[in-house]
Amino acid sequence: MSLDENELPRTEDEWRVRLSPEEFRVLREAGTERPWTGEYVDTKTPGVYRCRACGAQLYPSDTKFDSHCGWPSFDDAIPGAVKEIEDDSHGMRRTEIRCARCDSHLGHVFRGEGFTPKDTRHCVNSISIRLEPAQG
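Residues numbered from 1 in each chain as written. Predicted model: local features only at pLDDT ≥ 70, side-chain atom pairs only at ≥ 80, totals over all residues. Heavy atoms only, no water.

Under an unreviewed UniProt entry, the name given to the chain is peptide-methionine (R)-S-oxide reductase, and the organism recorded is Micromonospora haikouensis. You can read under Cofactor (unreviewed entry) in the UniProt record for the chain the words "Zn(2+)". Quoted verbatim from the Catalytic activity (unreviewed entry) field of UniProt, the annotation for the chain is "L-methionyl-[protein] + [thioredoxin]-disulfide + H2O = L-methionyl-(R)-S-oxide-[protein] + [thioredoxin]-dithiol". (UniProt positions renumbered as here; feature names shortened; annotations may be inferred.)

Structural data, given as structure tokens:
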């Protein structure tokens, strides 16, 4: 399910109609789901994770790893799929990640933690993504 460019909502009111209240809070208002509550925290199913708002492919499942932080973690995104924005909210300096296609909030990216050889952790809200299992 990937929306055609012409089908993407153009206003926040249009997004509000398309998304559930919780999806809207996280995807469009940069909210965060509570840790350990998301459906993909422990998922190991092969496939590709897509943006829940527009359907764009974001993360291959083989980039997902267990960081034990309470949210799904990926050490790399599909090239060009996410954009990074400096985030100084909540008294912290972080890097927010958003879907490059529809500008929906996904989570934050952290570097230098040593979890993987790429030394990167995309900490993503489960409600921001949807797994498309691999065929076969």
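Caption draft 1: Representation of the sheet that holds strand E9 (residues 129-133) in the model. The antiparallel open sheet is built from three strands, whose spatial order is E2-E1-E9. Pairing within the sheet leaves two strands with one partner each, and these edge strands are strand E2 (57-60) and E9. If you compare each strand with its neighbour and ignore which way they point, the axes differ by 30 degrees on average. Both strand E1 (residues 47-51) and E2 contribute to a ladder of three bridges, which runs antiparallel. Looking across to E2, one finds that Val-48 is bridged to Pro-60. (Pairing = 2+ DSSP bridges. Helix = DSSP H or I, 4+ residues; strand = E, 2+ residues; numbered from the N terminus. Axes fitted to C-alpha atoms, helices over the stretch in contact; angles between N-to-C directions.)

Caption draft 2: Looking closely at the packing of aromatic side chains. Counted according to the given criterion, the structure contains four aromatic pairs. Taken together, a centroid distance of 5.4 Å and an interplanar angle of 85 degrees make the contact between Tyr-40 and Tyr-49 edge-to-face. Residues Tyr-59 and Phe-74 carry aromatic rings whose centres are separated by 4.3 Å and whose planes lie at 20 degrees to one another, so their mutual orientation is stacked. In this pair, Tyr-59 is assigned in strand E2 and Phe-74 in strand E4 (residues 73-74), connecting sequence segments 15 residues apart. (Phe/Tyr/Trp six-rings, centres within 6.5 Å; stacked < 30°, edge-to-face > 60°.)

Caption draft 3: Expanded view of the nonpolar core. Formed by 25 residues in total, the largest nonpolar core has its most connected members in Leu-58, Tyr-59 and Cys-102. Sorting the residues of this core by element identifies helix H2 (21-27), E1, E2, strand E6 (94-99), strand E7 (105-111) and E9 as the ones contributing at least two each. Discounting chain neighbours no more than four positions away, the residues touching Leu-58 are Tyr-49, Arg-50, Cys-51, Ala-77, Ile-78, Ala-81, Val-82, Cys-99, Leu-106 and Ile-129. (Core = buried A, V, L, I, M, F, W, Y, C linked by side-chain atoms within 4.5 Å. Buried < 20%, exposed > 50% of the residue type's maximum accessible area, 1.4 Å probe, protein only. Contact = heavy atoms within 4.5 Å.)

Caption draft 4: Highlighting the environment of Ala-77. The topology assignment puts Ala-77 in the loop between E4 and strand E5 (82-87). With a relative accessible area of 13%, Ala-77 lands in the buried category. Taking the C-alpha atoms as reference, Ala-77 lies 8.1 Å from His-122; in sequence the two are 45 residues apart. In this structure Ala-77 touches Leu-58, Tyr-59, Val-82 and His-122, once residues within four positions along its chain are discounted.

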